[in-house]
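Fold and contact review
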Amino acid sequence: MAALNNRFLKTPLQSAITATVVSASLLIGTGFSAYSIAADTTQQESRAQINIPAGNLSETLTDIAVRYHIALSFDPALTQGLKNEAVSGTFSPLELIDFLLEGTDLMLQSNQDGTYSLLDQSNYTLSGLAISASQINDSVLTEYKGGQIESGGRLGVFGEQDSTNVPFSVVSYTNKAIEDQQLESIAEVLDNDASVQSGNGYGNYSEKFMIRGFELDSDAISYGGLYGILPRQVVSTNAVESVQLLKGSSAFLNGVTPGGTGIGGAINLEPKRAEDELTALTVDTTAEGQVGISTDVARRFGSKNQWGVRANALHREGDSAIDNESREETSVSVGVDYQSEQLNVSTDVGYQKQTIESGRAVVYADSGLTATPSVPDAKTNYAPSWAGSELETVFAMVKADYALNKNWTLNAALGINKNEEYGDYSSPTVTNLDGDATARRLTVPFESNTLSSTVGLLGDITTGDVTHQLNLAYSGFVNKTYSAYTMSNPTYDTNIYDPVDSAYPTTSAWADGDMDNPNIRSKTDTKGISFADTLGFLDDRLLVTAGVRYQEINVSNYNYDGSLDTTYDDSATSPIYGIVYKPSDTISLYANHIEALQKGDNVSSSSTYNYSNAGASLKPYVSEQNELGMKFEDGTLGAGIALFEITKPEAYGETGGTYDYYGEQCNRGLELSLFGEPLAGLRINTSATWLDPKLQHTQNGTNDGNYAVGVAKYRLVLGGEYDLRKVQGLTLGGKVIRSGPQYVNTSNSLAIDPWTRVDVSARYETTLAQQDVTWRLNITNLMNEGYWASAAGGYLTQGNPREIKLSLSTEF
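In this text the structure is predicted, and so the values were computed from the model without any measurement.

Along the backbone of the protein there are nine helices and 50 strands. Dimensions of the protein, computed from C-alpha atoms along their principal axes, come out at roughly 90 × 65 × 50 Å. Split into buried and exposed, the 812 residues of the protein put 53% on the buried side. Considering only contacts in the protein between residues 6 or more positions apart, those separated by 24 or more positions represent 67%. For the protein, the distance from the average site of its 53 positive side-chain charges to the average site of its 98 negative ones is 2 Å.

Any two side chains of opposite charge can pair, given that their charged atoms come close. All told, the structure shown has 36 salt bridges when counted by the stated rule. Between R316 and E184 there is a salt bridge, and its shortest N-O distance comes to 3.7 Å. Taken together, the residues R316 in strand β21 (residues 307-319) and E184 in the loop between α7 (175-180) and α8 (186-190) connect sequence positions 132 residues apart. Exposure remark for R316: the relative accessible area of 11% places this residue in the buried category. A salt bridge links E721 to R763; the shortest N-O distance between them is 3.1 Å. Within this pair, whereas E721 is found in strand β42 (residues 714-724), its partner R763 is found in strand β46 (residues 755-768), the two being separated by 42 residues in sequence.

A few words on the sheet that holds strand β32 (residues 492-495). In space, the four strands of this open sheet follow the order β24-β27-β28-β32, with mixed pairing throughout. Each edge of the open sheet is held by one strand with a lone partner, namely β24 (364-365) and β32. When strand β27 (residues 429-430) meets strand β28 (residues 436-439), the two strands line up antiparallel, connected through two bridges. From the neighbouring strand, V430 faces β28, where its bridge partner is A437.

Right, let's talk about the environment of E390 for a bit. As for its placement among the helices and strands, E390 is situated in strand β25 (residues 388-403). The spacing of E390 and A65 is 325 residues in sequence and 60 Å in space, taken between C-alpha atoms. Once residues within four sequence positions are removed from consideration, E390 is found in contact with K353, Q354, T355, E420, E421 and Y422.

On the surface, E179, E765, D772 and E811 cluster together into a patch of negative charge. Locating D772 in the fold gives a position in strand β47 (residues 771-780). Classification of D772 as partly exposed rests on a relative accessible area of 47%.

Here helix α6 (residues 93-101) lies mainly inside the structure; seven of its nine residues are buried. For α6, the complete set of buried residues consists of P93, L94, L96, I97, D98, L100 and L101. Positive phi appears at G103, one or two residues downstream of α6, with a value of about 85°.

With that out of the way, let us pick up the environment of R757. Of note, R757 is situated in strand β46. Remark: the alpha-carbon pair of R757 and T261, spanning 496 residues in sequence, is separated by 27 Å. For R757, the residues in contact, after removing those within four places along its chain, are D191, K735, V736, I737, N781 and Y787. Within the local environment of R757, its side chain forms a polar contact with the side chain of D191, the two groups lying 3.4 Å apart.

Looking now at the sheet that holds strand β13 (residues 196-200). Taken together, three strands build an open sheet; the order of strands is β13-β14-β15 and the sheet is antiparallel. Edge positions in the open sheet fall to β13 and β15 (214-217), since each of these has one partner strand only. Strand-to-strand, the axes of this sheet are offset by a mean angle of 30°, without reference to chain direction. Both strand β14 (residues 207-211) and β15 contribute to a ladder of four bridges, which runs antiparallel. Across the sheet, K208 pairs through a bridge with D217, a residue of β15.

Calculation notes
- In every chain, residue numbers begin from 1 and rise along the written sequence.
- Under the rules for a predicted model, residues below a pLDDT of 70 receive no local features and side-chain atom pairs below 80 are neither given nor counted, while totals for whole chains, interfaces and linings still include all residues.
- In computing side-chain values, all of the structure's heavy atoms are included and hydrogens and water are not.
- Numbering of helices and strands runs from the N terminus, with a helix taken as a DSSP run of H or I at least four residues long and a strand as a DSSP run of E at least two residues long.
- Residue burial is assigned from relative accessible area. The probe radius is 1.4 Å, only protein chains are included, and a residue is buried under 20% of its type maximum, exposed over 50%, and partly exposed in between.
- The criterion used for residue contact is that any of the two residues' heavy atoms lie within 4.5 Å.
- Charged-residue counts in this description rest on Lys and Arg as positive and Asp and Glu as negative, His and the chain ends being excluded.
- Every charge is mapped to an atom, namely NZ of Lys, CZ of Arg, CG of Asp or CD of Glu.
- By definition, a salt bridge exists where a carboxyl oxygen of Asp or Glu is found within 4 Å of a side-chain nitrogen of Lys or Arg.
- Strands pair, by our definition, only if DSSP identifies at least two bridges between them.
- Patch definition: residues above 30% relative accessible area lacking any salt bridge, with like charges linked at up to 9 Å and the nonpolar side chains Val, Leu, Ile, Met, Phe, Trp and Tyr linked at up to 5 Å.
- In these tables, accessible area is a Shrake-Rupley quantity obtained with a 1.4 Å probe, and a residue counts as shielded only by the protein chains included in the view.
- Think of a polar contact as two N or O atoms within 3.5 Å of one another; within protein, one of them needs to be a possible hydrogen donor and the other a possible acceptor, and neighboring residues in sequence only count if both atoms come from side chains.
- The axes used here are C-alpha line fits, helices contributing only the stretch in contact, and every angle between their N-to-C directions lies in the interval 0 to 180 degrees.

Structure representation (structure tokens):
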């Protein structure tokens, strides 16, 4: 940890700093006005051959400022005793100053009035990051210039870990990324990563993710490491401090997810915390007239600032960019924390309500189609006006960490969730390439509640020259669901290119359950105990992790009248092996073997199949991952490469035979990533993923060697932003996403084409009526391309049309 902290402190984080220096300063180049500064901008940015002799750093900086008309101020105490070596090369004056400051704790700060200051990096607050200067030494994660990306995240029983110290690929997108890109959902945040592909859920408006080619449903997103706490379908981002992405299987780390998805990765959200005093207000709008207002307030108090409160509120409503679709969202959250040397306690309470009217649904392809239907116009809405849903969730979480002594820490967390939904859903099934389709109404009231908990003991001990990081943990959750339904018949006709706004179908040919007070439909009770030891050799340059998790899964399924139907009670163990070798402070090599654990299938009792084990529940199935990779991270630039293979069992059975796991899906892949600030003012976030997702040992060998459904063969994300020095406070950015072809069915007879999406953005920090403000303009899908974004689940999710967002933010 000491080596990590030292390396972090040496990192120059120029672009992340927005605090103002409060010190007596010496103004160099007295008499320069804002007008003269603007006139000399070209000279300050032009590169030329420059030769600087060795000498006193303070005098050298003064000479440069005077020579190139740079209005630079700094406290002479900052440079006292510092020397500079002789420099010869091609620089702009500002680049020369940055070069001279390398290896010191000093950095050049650009101010909004066109002047410059020197700041001491050991005494500041990072903009957009939930840590303050006094806490930097305790930070686990490395935050990169610009404040939008952190290297690392929460890894289940291991807690928050820096990426360089663990044998996994993990990255976090901060609240600053959410704000600067105006990202309103988790899917929008993870569009920044090529390993993640997003679509919609089966027949509703939930978000479905594909990580390394395997599904992860929105109800499998954890909150502070707890499953089942967040809203089930769509999660608002206004109270989220970071969105943390773990790429790869995670049964040992996190246990079993509520819905059994998450074989290829995991998503965890961390709540905001009060670090410094904050009162922020943001108003936003879109080209369609959707309007939102949000506030973010933080305070710390007590004799040692041991108490903190962070409150967030958001309301947004209006038409979306899709024809005739409208959305309304209200979100409120409050987080209270207490921090002391031994005890840290936090409580988070949240409420979220979303209303979707005439929500565009997914599209199903009839089995008789010989080709995939062409995609409709980007704005076309093939949902009837009566289709929509109301989603309401209340949730809370309490967490505590207690330091037993300097080597051992006890932690615990408890979370609860109450979720209510009511929806009229209608998804068209396309029957020919002219776009003709049929659809029904499906009305579903749905309720769920979850109790989730963890307890852990973490210890650091040393035996001889070997260090040990010990983790003993328990985690589990109990989830109950309640539902009923009515479904209309006959179908109504429509066309996805020329939709028909059908009248509400009142005839319900099929129905079951109490629509006003739904009965229980399922109860899932999981619990697991894990133990791991990370052994450190060679001064912790070589880290070897070994562990095992014992998991119990108990599931009861109920009929719509509330009577018990089937039960499932089984257990399994899941090991982990990992190794990290750090040949230098910036490079780490790693490898892992880890598994994903899912509840076994329930065998159909239908007479159509007449399975010999009808009504039985299969044992939990284990998916295995092997991965090796390399990471480079120095706080300015981060890069990674990973090679992996994940195999997932697939069940099938012959009519009259036994239904069991005979086949498998095997995803082999390569991931590349590069992020950080390679040049002053230029920040990048790029990644690429190539996948070879093949089916093996399929029924009768019919689909052996075919590609898995809904998995893009490749995905590229090229993102970045640049601070324009000629226009103080202006930042321009953008992102290009390229996604490869996907198959819609296992026979691979239907496929969707590759697609490209271009997003652009601008951010301008200025003063309005003597108040510092930030304007943000974001345009997604600039070219308004129509494209099938995803075939995950064997159905089609259309990409959203062009959307123009504008916001104005200020802090008081």
